[in-house]
Amino acid sequence: MTAIRKERQGQDMALTAGIVALIVVFSLLPMVRLLQEIILPGGRFSLDIIRLGLIDETTWRATWNTLVVGLGGTLFALVLGVAVAILVSMSNVRQRQAFVLCFVTPLMIAPQVTALAWLQLFGPSSPLLNMLGMAPPLGTRNPLYSPEGIVFLLGIQYAPLVFLIVRAGMRKLPRELVEAAQSSGAGWVRVLGTIILPLMTPSIVGAAALTFVSCVGNFGIPAFLGIPANYLVLPTLIYQRLAGGGPAVLSEVAFLSVLIGVIAMIGIVMQDRIASRRDFRITSTSLPAAPYQLGVWRLPVEFGMWALIALILVLPLVGLILTSLVRGYGVTLTAETATLENYYFVIFQHAAASRAFLNSLYLSAGASIFAVFVAIPLGYVIAWGNKRWIKALNLAIELPYALPGVVLAIASLLLFLKPMPITGIQIYNTVWIILYAYLARFLILAVRPTITGYFQLDRALEEAARVAGAGLFMRMRTIIFPLIAPAAIAGGLLIFMTALCELTVSALLWSSGSETIGVVIFSFEQGGDSKYAAAVSAIMVATTFLLMLLASLFANKLPDGVLPWRD
Amino acid sequence: MAGLSINNVTKAFGETKALDDVSIDVADGEFLAVLGPSGCGKTTLLRMIAGFETVTGGNIRIGDREVSSAEANTPPEKRRVGIVFQNYALWPHMTVSENIGYALKVARVSKTEREERVGNALALVNMEQYGDRRPANLSGGQRQRVALARCLVAEPRLVLFDEPLANLDVHLRASMEDEFADFHKRTGTTILYITHDQAEAMALADRIAVMDHGRLMQLATPRELYHEPANEMVASFISQGMVLPADVETEEADGQCRVRVLGQELVVRCRKGEKPRKDARICCRASQIESVGASQPGFEGTITRAVYRGGSARVEFEPAVASHLGLHFDQLDPVSFEAGQRARLAITSGWLIPADGAA
Ligand SMILES: Nc1ncnc2c1ncn2[C@@H]1O[C@H](COP(=O)(O)OP(=O)(O)O)[C@@H](O)[C@H]1O
Ligand SMILES: [Mg+2]
């Protein structure tokens, strides 16, 4: 009897211990190390680093710039995302599925690829403008090399994020609330202003906070658009400092990364304050409201929506592909001059690039497989467990993703600069430090859909296995894993897609031999080889589309809302 | 097979007590139904017996082993109880045979023996030809049978049913009821069957435990519940019994005593040792009320409603002396009563509800 109890407790304890260890290693340790660096450098309490950071004028300029593009990008993304969400959710436009797919796709494309694509669209060497004979004269500055350009691209990059959150909120809006207002004589504009938008406040504020954090932490767009204009934000400032000074400036950039973390946190806290100020809870559940009949306006509105898709998705991709076919700088692209040489070069001839394809492949595969296998037991404990403190630790897993990637990258550097204690293993300057950072950062992307999966699964299925005599590990293997795997794998796929072109973390952690695709695109562009950068990017966009297609194939086995681009 | 004994079990969820001092003994091989309105704590009781919930106080024994107490709790996988869940809980990723054979696989039963026992279990529920199907391709009744076979295959000491028929349509319910009864007769398994449907409980169970607000109201055979309810809750819950105020005028003799109800004197059945008392209650059934002539003993009142139901009418009535008490009875064709009409009724017999209310 006691032996039996011990055996069961053993499995329970093993699970708990494993999860605690995981959270400590991948979340608490890096964060604690980062804080230690700035307030307890070398083990002694000192505020020197903070003081030095604060009197530095570039710090303030970069902070100001960060806030400007962060707020600007958020505002733009909000306007665009909410407007599209209202049109898609509340009106009778057609081809919704296809439109949502196209509108959300930019979110799946890495920011630096977006930036590159847009850069190729404007500017004097734009193949498209050249073909149309509309290119500005050589030597003209690309108009995107500016704060406005950064805000514009951040807005386009994250409008889908706003859209997804607000759309999910609108789906839950019971039609009675809208119909009650209509029967009180309110027209659609008034219903929108007095009922729908106010009720959507929590979604909109939540979306705003998430977008703000993403904009503030974004590296790819300000790196491509801001560095040439010498317009630095905190992530790019950190990158430049570290690229120039190496490990010697680690303390300094640690302070800067904590500063970004603090800015991001302020965004999250403000959201919490606003959302809790009033009660917006919607209690009833019912069918969604009847769509507003656009009447004669339907066709023009639909035309406008698809024009938007052409502008934010098709045009930049066309620009990207055209650039990847160009022979050289200044050569006008025609049917005769078009070439696939650039693709050949990056895949077969350029050592770092071909290495990077493999590195990124291994890294993202490693991160996603690890995450899938960890997410299932972790989700089990969080969704079905009864231990309160583990739920609190759930926040700890969110942290490395909620905070900008730069923060985690710097923390990883600090953690692994010296060889690891006891084992003496050195992962600094190898691909393993990037893997560590990816595991920590992206784990939550698999945990979230897995938890959704658990909540949609009838717990009696597990209980039936318990009464059949199955212990914890047996149940995990034979019942829970097969049932929850699709959701976890969908999460893994999201991780794979995100990690494949990741730049923010790897830009700070890469070394010769451990380049990633993101880094290679960035280096090509910085070295003026846009055509190679475009070729690599085009390959990655194609890969992304393929993966989205693949995931959609088994979409009917997934819990609702796991694949963001499926409406 | 084993008996089950639940001793003074209490379960608190925070402040609220879902179960309060419940004691039930189920004999080996008995079919016991737990009956009560929704939210009275039936599922909680079942989950504690299965081991999914811990007890706050008291203990539970299966056979001669204590499985739950405030100090220790044997995990569900070690209790050897079978459960038939309300929504079946069949694993969608396994075939019917795999579902049924799961417990045997867990217990490392050899493949040949496993196949044989799964075959037997399938035969027991008349599902031989469905072994390779997936649960999704079965009808509701078939799923129910698979769930039954799955819980039987491991030869549990005790089988628990949580409202197993609630999700089925009326016709299927009747036939599954027969199957359960039949199955119990054949296997002699100890069964604890939870339901909120009294017809189901009456039809199936040897004894019924009636629960309300987390307390055990009465544990008795279906007949006893109907004829001799232990308290007002049981009296009114079972078959819509009417509870009427009465004064007991004589001592019990031969299981009967004389009472005065609504001004009418009559003889009702009662427990041994009843003494004359005021403010007592009797329980009477619709069949124990009839209309009488003006000279006979009885009481006056007004008909408030008469609903014709084919062959007879359900007549509702307000006595003149106590208009808040609604009585109802059936009048066979030819139905003559109409709403608003005056009438004189008499109670022919009834049951004196014991003063202490204990089961
Ligand atoms: N896990 C729980 N936490 C808090 N309260 C619960 C929990 N489970 C059941 N209850 C409460 O206990 C009472 C009895 O519930 P239940 O056993 O499900 O009733 P029944 O099955 O008879 O309808 C209800 O009031 C219910 O709200
Ligand atoms: Mg219940």
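Residues numbered from 1 in each chain as written. Chains lettered and ligands numbered in written order. Predicted model: local features only at pLDDT ≥ 70, side-chain atom pairs only at ≥ 80, totals over all residues. Heavy atoms only, no water.

Student: Please explain the overall build of chain A as it appears in this structure.
Tutor: Looking only at helices and strands, chain A has 24 helices and zero strands in total. By the compact-globule yardstick of 24 Å for 567 residues, chain A fits well, its C-alpha radius of gyration being 25 Å. For chain A, the spread of C-alpha atoms along the three principal axes comes to 85 × 70 × 50 Å. In chain A, once contacts between residues fewer than 6 apart in sequence are set aside, the share between residues at least 24 apart is 78%. Here chain A displays about 24,900 Å² of accessible surface, and carbon together with sulfur accounts for 67% of that area. (Helix = DSSP H or I, 4+ residues; strand = E, 2+ residues; numbered from the N terminus. Rg over C-alpha atoms; globule rule 2.2 N^0.38 Å. Contact = heavy atoms within 4.5 Å. Areas by Shrake-Rupley, 256 points an atom, 1.4 Å probe, with all protein chains shown as cover.)

Student: Even after reading the chapter, I still don't get the interface of chain B and chain A, so can you show me in this structure?
Tutor: Interfaces are often sized by the amount of accessible area the parts lose when they come together. The interface of chain B with chain A comprises 24 residues on the first partner and 23 residues on the second. Here chain B meets chain A over a buried area of about 2,100 Å², counting both sides, of which 66% is carbon and sulfur. Considering only the side of chain B, the residues that lose the most area to chain A are E77(B), W91(B) and Y102(B), jointly responsible for 27% of the buried surface there. The salt bridge partner of R47(B) is E463(A), with a shortest N-O separation of 2.8 Å. On inspection of chain B and its partner chain A, the count reaches six residue pairs in polar contact (both at pLDDT 80 or more). Its residues assigned to classes, the side of chain B that touches chain A comprises 15 nonpolar, four polar and five charged. (Buried area = accessible area lost by both parts, 1.4 Å probe. Salt bridge = Lys/Arg side-chain N within 4 Å of Asp/Glu carboxyl O. Polar contact = N/O pair within 3.5 Å; in protein donor to acceptor, adjacent residues only side chain to side chain. Nonpolar A, V, L, I, M, F, W, Y, C, P; charged D, E, K, R; others polar.)

Student: Whenever I open this one, the sheet that holds strand 5 (residues 65–69) of chain B confuses me. Can you help?
Tutor: Pairing between the strands of a sheet is mediated by backbone hydrogen bonds and can be parallel or antiparallel. Residues and elements named next belong to chain B. Pairing within the open sheet is antiparallel, and its four strands lie in the order 2-1-4-5. Because the sheet does not close on itself, it has two edges, and the strands there are strand 2 (16–26) and strand 5. Taken pair by pair, the neighbouring strands of this sheet meet at an average axis angle of 25°, ignoring direction. Across four bridges, the pairing between strand 4 (residues 57–62) and strand 5 is antiparallel. Its bridge partner lying in strand 5, I60 is registered against S68. (Pairing = 2+ DSSP bridges. Axes fitted to C-alpha atoms, helices over the stretch in contact; angles between N-to-C directions.)

Student: What's the story with the site of ligand 1 in this structure? I'm lost.
Tutor: All names here are of chain B. With respect to spatial proximity, the complete set of residues near ligand 1 consists of F13, A18, S38, G39, C40, G41, K42, T43 and T44. With respect to ligand 1, the backbone of C40 contributes an N or O atom lying 3.2 Å from an oxygen atom. One of the backbone nitrogen or oxygen atoms of K42 is found 2.9 Å away from an oxygen atom of ligand 1. The fraction of the free accessible surface of ligand 1 (560 Å²) that becomes covered by protein chains is 55%. Across the shell around ligand 1, the residue classes break down as three nonpolar, five polar and one charged. (Near = heavy atom within 4 Å.)

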